[in-house]
Amino acid sequence: MKKVLGVFLTAIVASLGFTSCYKDIGGYDYNEINSLKISTDMTGADPNIFITADSIDLHQNDSLKVKLKIEQSSGAAENFSYQWLLTQYDQSSGNPSKNLLDSSATLKTKITLAPNLYKLVAKVTDKSTGVSYYKHFALNVSTADWGGEGWVVLQSEPDGSDISVITTRDGSVKGKVYHDIYSIVNGHKLPVGTYKANVINYGTTLRAQKISFFYPNGALQVRNTDFADSTKGEYWFAVNPGAANFQVNGSAGGSSAGWEYTIVNDQIAYRQFASAAHLINAPLFFPPYAGLSVSPYVINAAASDQYYTLYDKANRGFVIFNASTSSFVNIPAYAAAATNLNPTTGQGFDMKNMADNMIYAENAQPLTTAGTNWNCFFRNDAGTKTYLVQFPRGISYANNFTTGRFQLTEANCPGINTATQFACPTYLTMPKGVFYYVNGNKVYTCKVNTVATSTARADVGGLIFPTGTVIKAMKIFNSGYTAANITALNVPEGKVLVVATDETASGGGNNVYFFNLNPTTGDILGSPTSPADVYRGFNTIKDIVFKKGLGR
């Protein structure tokens, strides 16, 4: 990863060869005070860190060692005290939170500062005269290799949870794996039972990103460049919600309005994150909207991210919520012939009366697409019927769908009624397309077709892992990049499937696989023994999520 040096380099030595005198009133003799000349001792200095003797460039959380060379005008023995001070480089920037780094002759410290350009000042005081001398360094702190783009892998351990980062985008370039990042940075682990890693990308111009983790009865936000603790979930609200089951947190991210949502205890809360001022003083979430119990899936789009299509669990129907007005938008009664709703022959659906439980929802086209199609999966209470509903997301609905409901039968889609995970590629022509689901140690590729003729296979175009494998997470690579950057960077948006497994039953350990998808059919290319890429050696994986580079 390239270092970004910003405005940089050349803060020159201000070594200050002061010459001062004092007057002896009695004898009118003048004695020269000892003066110091300070320079950098470059013996053994890392040339990758010291760009010049006065300019230092390193990554966040790197270790820094700076040794001084001091020449004095008198032949006296060294009798100095030291302070290593840190200030902002530009007057317009805020001061760093920590100003005194060390008080020893040689600076030895880990640099945990947020990426920025700073001024490092060595203050040397001659204890025999009390006169101080200074040397200034330009200190550029770049984002750590694991603080930029990559896959965050959340893992559980006996005494807590931690994360690793795989510094690859889509498996096409072999990345490095950095382990135990959270505990190394913070000195402690994530809470026991942490179950979800979450990344939100705000509007590209803000260059802002939110990384959070959910654990039983709480949530934690960390700094996006190094995963240092930032705020806890109880401080996201004007009133502490107490024991809170955080279920999802997100934003479409493409609108200048900058609306963000979170679902807590089956209720939606929301806030607007729309300006640079919010980076310093983040607004609080409006209190969770009481009286509406919703599924933990929010159907949105970048062009109008204040409108959320939600699923009302109690009434088993869709609702539209407008965050900008804190109000609901009416969905009218079903406006087409009732025959379209026949569960055997019909292919329509009534958005206000779905009758069953929504068990998963995911966009089936990039959120940057106008009228983004979403896949919503439903299952009855008895667990004997599963079906897919597919529709273009809108800010209003006529509720007259005569197509878009696809029955998924056990005969054609083995294990669909007990499937535990779903994933949807975002590059195939809609409606219909393909989706993937997990049952046991298999990933099935389902080709969507009309009425009840959708078919799914794991042996052809799917994946079969060793017996006993538990598939812990399955995600489509959705980068969060703007449409222009997806094109400019040749990003295979939606065309890579990432699968995290626990193969300890067969001696295979815990792994993260990358599989390319057939650009025409959506079939999974390769197999567990011949993936596009694989990374091994993790602890028990709980979740995986892609973290994009800022500004892309």
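Refer to the structure presented above.
My aim in this report is to walk through the structure given alongside it, one point at a time.

Reading the values: the criteria
Residues numbered from 1 in each chain as written. Predicted model: local features only at pLDDT ≥ 70, side-chain atom pairs only at ≥ 80, totals over all residues. Heavy atoms only, no water. Pairing = 2+ DSSP bridges. Helix = DSSP H or I, 4+ residues; strand = E, 2+ residues; numbered from the N terminus. Axes fitted to C-alpha atoms, helices over the stretch in contact; angles between N-to-C directions. Core = buried A, V, L, I, M, F, W, Y, C linked by side-chain atoms within 4.5 Å. Buried < 20%, exposed > 50% of the residue type's maximum accessible area, 1.4 Å probe, protein only. Contact = heavy atoms within 4.5 Å. Polar contact = N/O pair within 3.5 Å; in protein donor to acceptor, adjacent residues only side chain to side chain. Salt bridge = Lys/Arg side-chain N within 4 Å of Asp/Glu carboxyl O.

1. A few points about the sheet that holds strand β21 (residues 259-264)
Strand-to-strand pairing in sheets goes through backbone hydrogen bonds, with the strands running parallel or antiparallel.
So, step 1. Strand order across the open sheet formed by three strands is β20-β21-β22, with antiparallel pairing between neighbours. Across the chains shown, the open sheet's two edge strands, defined by having one partner strand only, are β20 (246-250) and β22 (267-272). Averaged over all neighbouring strand pairs, the angle between strand axes comes to 15°, with direction disregarded.
So, step 2. In this sheet, β21 lies alongside β20 in antiparallel orientation, the contact comprising four bridges.

2. A closer look at the nonpolar core
So, step 1. Ranked by internal contacts, the top residues of the largest apolar core, which has 26 residues, are Ile56, Leu64, Val66, Leu68, Trp84, Leu120 and Leu139.
So, step 2. Elements with a contribution of two residues or more to this core: β3 (36-40), β5 (55-59), β6 (63-66), β7 (68-72), β8 (80-88), β11 (116-126) and β12 (131-142).
So, step 3. Sequence-distant contacts of leucine 139, that is, excluding residues within four places in its chain, are made with Ile56, Leu58, Leu64, Leu86, Leu113, Asn116, Leu117, Tyr118 and Leu120.

3. Quick notes on the pairing of strand β31 (residues 434-439)
So, step 1. The element β31 is largely enclosed, with a buried count of five among its six residues.
So, step 2. Judged from the three bridges that link them, strand β30 (residues 421-423) and β31 form a sheet pairing that is antiparallel. Residue pairing for β31: glutamine 421 is matched across the bridge by valine 438.
So, step 3. Bridge analysis of β31 against strand β32 (residues 442-447) gives six bridges, and the strand direction is antiparallel. Paired with phenylalanine 435 across the bridge in β32 is cysteine 446.
So, step 4. Taking the residues between adjacent antiparallel strands as the criterion, β31 and β32 are bridged by two residues, where glycine 440 takes a positive phi near 65°.

4. Some remarks on the side chain of threonine 168
So, step 1. Within the fold, threonine 168 resides in the loop between β14 (160-166) and β15 (177-178).
So, step 2. Side-chain polar atoms of threonine 168 contact the backbone oxygen of valine 173, separated by 2.6 Å.
So, step 3. Setting aside residues up to four positions removed in sequence, threonine 168 forms contacts with Gly150, Trp151, Val173, Gly175, Phe514, Tyr535 and Phe546.

5. Brief notes about unusual backbone geometry
So, step 1. At the junction of methionine 430 and proline 431, the peptide bond is cis and its omega measures out at 5° in the coordinates.
So, step 2. Relative to the helices and strands, proline 431 is located in the loop between β30 and β31.
So, step 3. Notably, phenylalanine 227 is not glycine yet its phi reads approximately 70°, a positive angle.
So, step 4. A relative accessible area of 0% means that phenylalanine 227 is categorised as buried.
So, step 5. The phi dihedral of lysine 432 falls on the positive side, at around 75°, and the residue is not glycine.
So, step 6. Inspection of the secondary structure assignment puts lysine 432 in the loop between β30 and β31.
So, step 7. Classification of lysine 432 by relative accessible area gives partly exposed; the value is 33%.

6. Concerning the pattern of salt bridges
So, step 1. Per the stated rule, a full pass over the model turns up 14 salt bridges.
So, step 2. A salt bridge links glutamate 157 to lysine 189, with the shortest nitrogen-to-oxygen separation between them at 2.3 Å. Placement of the pair is glutamate 157 in strand β13 (residues 150-157) and lysine 189 in the loop between α1 (181-186) and β16 (196-201), with a sequence separation of 32 residues.
So, step 3. Residue class for glutamate 157 comes out buried when judged on its relative accessible area of 14%.
So, step 4. Given a relative accessible area of 27%, lysine 189 falls into the partly exposed group.
So, step 5. The partner of lysine 475 in a salt bridge is aspartate 543, and the shortest N-O contact between them spans 3.2 Å. Highlighted residues: lysine 475 in strand β35 (residues 470-476) and aspartate 543 in strand β39 (residues 540-547), separated in sequence by 68 residues.

7. Describing the sheet that holds β14
So, step 1. Spatial strand order, β15-β14-β13-β39: four strands in an open sheet with antiparallel pairing. The open sheet has two edge strands with one neighbour each: β15 and β39.
So, step 2. Two strands pair when backbone bridges link them, and β13 and β39 are joined in this way by seven bridges, in the antiparallel orientation. Counted as the bridge partner of glutamine 155 is isoleucine 541 from β39.

Coordinates in, geometry out; function isn't part of it.
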